[in-house]
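The chain contents come next:
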Amino acid sequence: MGMIDPKVIENVCIEIIRKAVIYLPDDVKNALKTAYDNEVSDVAKAQLKAILDNVKLAESIEAPVCQDTGIITFFVEVGASFPGINYIEKSIINATRTATSKIPLRPNAVHPFTNKNSGDNTGHFIPYIHWNIVDGDSLKLTVMPKGGGSENVCKFKMLTPADGIDGVKKFIINSVLEANGMPCPPTIVGVGIGGGADISMVLAKKALLRPLNKRSPESQIAKMEMELYNILNETGIGPMGLGGRTTVLGVNIEYAHRHIASLPVAVAFNCWAARRASAVVYGDGAYKVYGD
Amino acid sequence: MEYKFKTPLSESDARTLRINDIVYLTGTIYTARDQAHKRILEIISRGDILPIDFRGMAIYHCGPIVKKINDEWIVVAAGPTTSTRMELYEYDVIRTLGVRMVIGKGGMGLRTAEACKAYGAVYAEFTGGAAVLAAQSIRRVKGVEWLDLGVPEALWILEVENFGPLTVVIDSYGANIHENVNKKAYEKMSSILK
């Protein structure tokens, strides 16, 4: 088997960045439409109407759905025998640069000490890549361009084992109350429980990638997702925090086993413009883009 | 109530508005995020002159996506950014510049509300993330200052036509939609959080 042309990986990366920033996934669009139908107040309906009009307009003129195209983050699942592992990182970086000028994306990567904007969305550790090595010879790429507004209200806390799952629920509810209108509700709430400080937040982020129509495969957790979904929508925070029936579009929970002494919990938010897209590149260079 | 206003706004324009009112703006608006707010106040405290006159104008918390075609800037997407980050500066910006409207999303704090009351201004919101919709009512880029801050943080001078709908969230009488919604939300959750 020959090596894959690095241009193939790069072009696939550009294509999924483009798809993600312009076209919202179908599950998100459907949830927003349902939210619009369920709202009764003028203010809430007006916010969701603007959102739905904007989604349609972005698609028709092929412009990014939100000006905040985020810090570009990739989740990579690469087969151990994929013929081009050493090109992946470079391809993602090149694709980010090209996507920034061609789509275009907003340049969002700023050096924290000099405050200088790199201008092309690349920099130290950015775009960030989460690596996962799996069996096989194909490559799965997922991009999550996530805005700063929802990122700024992410929360983490080390609970004690005595706090238990009841404590976890309270922390999630408090996080949504504190976030209020800031993360552009209706949001998707991703929760990571267990592992360590780092693991729980990565799980919370990964939870945001799960489509809204898929509950956790574990019944106890699926039940908690539905319970929290109902409770959080009872807050009345509503679209954009201006009041209404839809505060969250969904709650997705992932977990890892915890240390005997700790119960870490992380809450990540995705704004209503919950952007994600994926592609698979096969060992022979063929590829398939998906993500709806 | 629904209003159509042209910039510059007068104090009585601003004082007419109440929370939940809808406004459409025509005229000129200036984008300013964290770094531009900081620079505005630095320039004022040095006693220097700002490159533009903000009196009666609207400040938009926004970092747009722009592209340059034949030396002309085109705004591709321009939704609002989270306003709370500008809370640190906004009181002084309203007080010293005579700004009549601050536009953003997510709400602002007590100091901004105080400035709205004392000097006659309002805080209004455009739907967060509705960036293409916002860009549709931007007729052209009249100019840009402080590009050294980077494209998102620069001060963009935008000519807009019927920019909105903008929801008045903090008025000049001390009312604040987010405060009301938030208070109710905590009350509703109090039994669960006990």
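All figures in this text were calculated on a predicted structure; none of them were measured in a lab.

**Student:** How do you make sense of the overall build of chain B when you look at a structure like this?
**Tutor:** The helix and strand tally for chain B stands at six helices and nine strands. Here the C-alpha coordinates of chain B stretch approximately 60 × 35 × 35 Å along the principal axes. Counting only residues that meet the buried cut, chain B has 60% of its 194 residues in that class. The long-range share in chain B, meaning contacts at least 24 apart out of those at least 6 apart in sequence, stands at 64%.

**Student:** What is the right way to read the overall build of chain A from this model?
**Tutor:** Regarding its fold elements, chain A presents eight helices and nine strands. In terms of overall dimensions, chain A is globule-like: its C-alpha atoms have a radius of gyration of 19 Å, near the 19 Å expected for 292 residues. Its C-alpha atoms give chain A principal-axis dimensions of roughly 55 × 50 × 40 Å. Per-residue burial over chain A gives 59% buried out of 292 residues. For chain A, the proportion of contacts with a sequence separation of at least 24, taken over those separated by at least 6, is 80%. Summed over its atoms, the accessible surface of chain A is roughly 12100 Å², and 54% of this surface lies on carbon and sulfur atoms.

**Student:** What should I look at first to understand the domain arrangement of chain A in this one?
**Tutor:** A common way to report how large an interface is uses the accessible area buried once the components associate. Residue and element names in this part refer to chain A. As assigned here, chain A comprises domain 1 (6-22 + 65-147 + 274-290) and domain 2 (149-270). Opposite the 10 residues of domain 1 that make contact, domain 2 presents 13 residues. Here domain 1 packs against domain 2, burying approximately 910 Å² in sum over the two surfaces, 65% of which is carbon and sulfur. On the domain 1 side of the contact with domain 2, Met144, Lys146 and Arg276 bury the most area, a combined 53% of that side's loss. Scanning the region where domain 1 abuts domain 2 turns up one salt bridge. The residue Glu151 makes a salt bridge to Lys146 at a minimum N-O spacing of 2.4 Å. Joining domain 1 to domain 2, the criterion identifies five residue pairs in polar contact (both at pLDDT 80 or more). It is strand β3 (residues 139-146) that contributes the most residues to the side of domain 1 that touches domain 2, three residues altogether. Residue classes in the side of domain 1 that touches domain 2 are distributed as three nonpolar, three polar and four charged.

**Student:** Can you help me understand the side chain of Glu153(B) in this one?
**Tutor:** All names here are of chain B. Its location among the elements puts Glu153 in the loop between β8 (138-145) and β9 (155-170). Among the polar contacts made by the side chain of Glu153, one reaches the main-chain amide nitrogen of Gln35 at a distance of 3.1 Å. In contact with Glu153, other than residues within four places in its own chain, are Arg33, Asp34, Gln35 and Ala36.

**Student:** Help me out: how do you make sense of the nonpolar core in this one?
**Tutor:** Generally speaking, nonpolar side chains in soluble globular proteins are found buried as a group. One finds Leu32(A), Trp272(A) and Phe54(B) to be the most contacted residues of the largest nonpolar core, which totals 72 residues. If you tally residues by element for this core, the top one is helix α3 (residues 42-61) of chain A, at seven residues. Leu9(B), Leu17(B), Val75(B) and Val151(B) belong to the second-largest nonpolar core, a separate cluster that totals 31 residues.

**Student:** When you look at the interface of chain A and chain B in this model, what are you seeing that I'm missing?
**Tutor:** On the side of chain B, 43 residues touch chain A, which itself brings 43 residues to the contact. Interface area, chain A with chain B, both sides summed: about 3300 Å², of which 65% is carbon and sulfur. When the buried area of chain A at its contact with chain B is split by residue, Gln67(A), Arg106(A) and Leu242(A) rank highest and sum to 18% of it. If you look at where chain A meets chain B, you find zero salt bridges. Examining the composition of the side of chain A that touches chain B, we find that nine residues originate from one element, α3(A), more than from any other. In terms of residue class, the side of chain A that touches chain B is made up of 22 nonpolar, 16 polar and five charged.

**Student:** What is the right way to look at the sheet that holds β3(A) in this model?
**Tutor:** Adjacent strands of a sheet form backbone hydrogen bonds with each other and so pair up, either parallel or antiparallel. Residues and elements named next belong to chain A. In spatial order, the strands read β2-β1-β3-β8-β9; together these five strands make up an open sheet with mixed pairing. Pairing within the sheet leaves two strands with one partner each, and these edge strands are β2 (128-134) and β9 (287-290). With direction set aside, neighbouring strand axes in the sheet form an average angle of 15°. Where strand β8 (residues 277-281) meets β9, four bridges bridge the pair, whose relative direction is antiparallel. Each residue of the ladder has a partner; that of Val280, found in β9, is Lys288. Each of β1 (71-79), β3, β8 and β9 is contacted by helix α1 (residues 6-22), which is oriented at about 40° to β3, the strand it contacts most.

**Student:** Is there a simple way to think about α3(A) in this case?
**Tutor:** Along an α-helix, a turn takes 3.6 residues, which lines up residues three or four apart on a common side. Residue and element names in this part refer to chain A. With 20 residues, α3 ought to run about 28 Å at 1.5 Å a step, and its terminal C-alpha atoms sit 28 Å apart, in line with that. All buried positions along α3 are accounted for by Val43, Ala44, Gln47, Leu48, Ala50, Ile51, Leu52, Asn54, Val55, Leu57 and Ala58. Trailing α3 by a residue or two, Glu62 shows a phi angle of about 55°, which is positive.

**Student:** Honestly, the sheet that holds strand β6 (residues 248-258) of chain A in this entry has me stumped. Any pointers?
**Tutor:** All names here are of chain A. Ordered by their spatial adjacency, four strands build an open sheet running β4-β7-β5-β6, and the pairing between neighbours is mixed. With partners counted over all chains shown, the strands left at the sheet margins are β4 (155-159) and β6, one partner each. Averaged over all pairs of adjacent strands, the angle between their axes in this sheet comes to 15°, without regard to strand direction. Here strand β5 (residues 187-195) pairs with strand β7 (residues 263-270) via six bridges, running antiparallel. Bridging from a neighbouring strand, Gly192 pairs with Ala266 of β7. Against the sheet, helix α8 (residues 219-234) makes contact with β5 and β6, and its axis sits at roughly 140° relative to β6, the strand it touches most.

Procedures and definitions
Residues numbered from 1 in each chain as written. Chains lettered and ligands numbered in written order. Predicted model: local features only at pLDDT ≥ 70, side-chain atom pairs only at ≥ 80, totals over all residues. Heavy atoms only, no water. Helix = DSSP H or I, 4+ residues; strand = E, 2+ residues; numbered from the N terminus. Buried < 20%, exposed > 50% of the residue type's maximum accessible area, 1.4 Å probe, protein only. Contact = heavy atoms within 4.5 Å. Rg over C-alpha atoms; globule rule 2.2 N^0.38 Å. Areas by Shrake-Rupley, 256 points an atom, 1.4 Å probe, with all protein chains shown as cover. Domains from an automatic or database assignment. Buried area = accessible area lost by both parts, 1.4 Å probe. Salt bridge = Lys/Arg side-chain N within 4 Å of Asp/Glu carboxyl O. Polar contact = N/O pair within 3.5 Å; in protein donor to acceptor, adjacent residues only side chain to side chain. Nonpolar A, V, L, I, M, F, W, Y, C, P; charged D, E, K, R; others polar. Core = buried A, V, L, I, M, F, W, Y, C linked by side-chain atoms within 4.5 Å. Pairing = 2+ DSSP bridges. Axes fitted to C-alpha atoms, helices over the stretch in contact; angles between N-to-C directions. Expected span 1.5 Å × (residues − 1).

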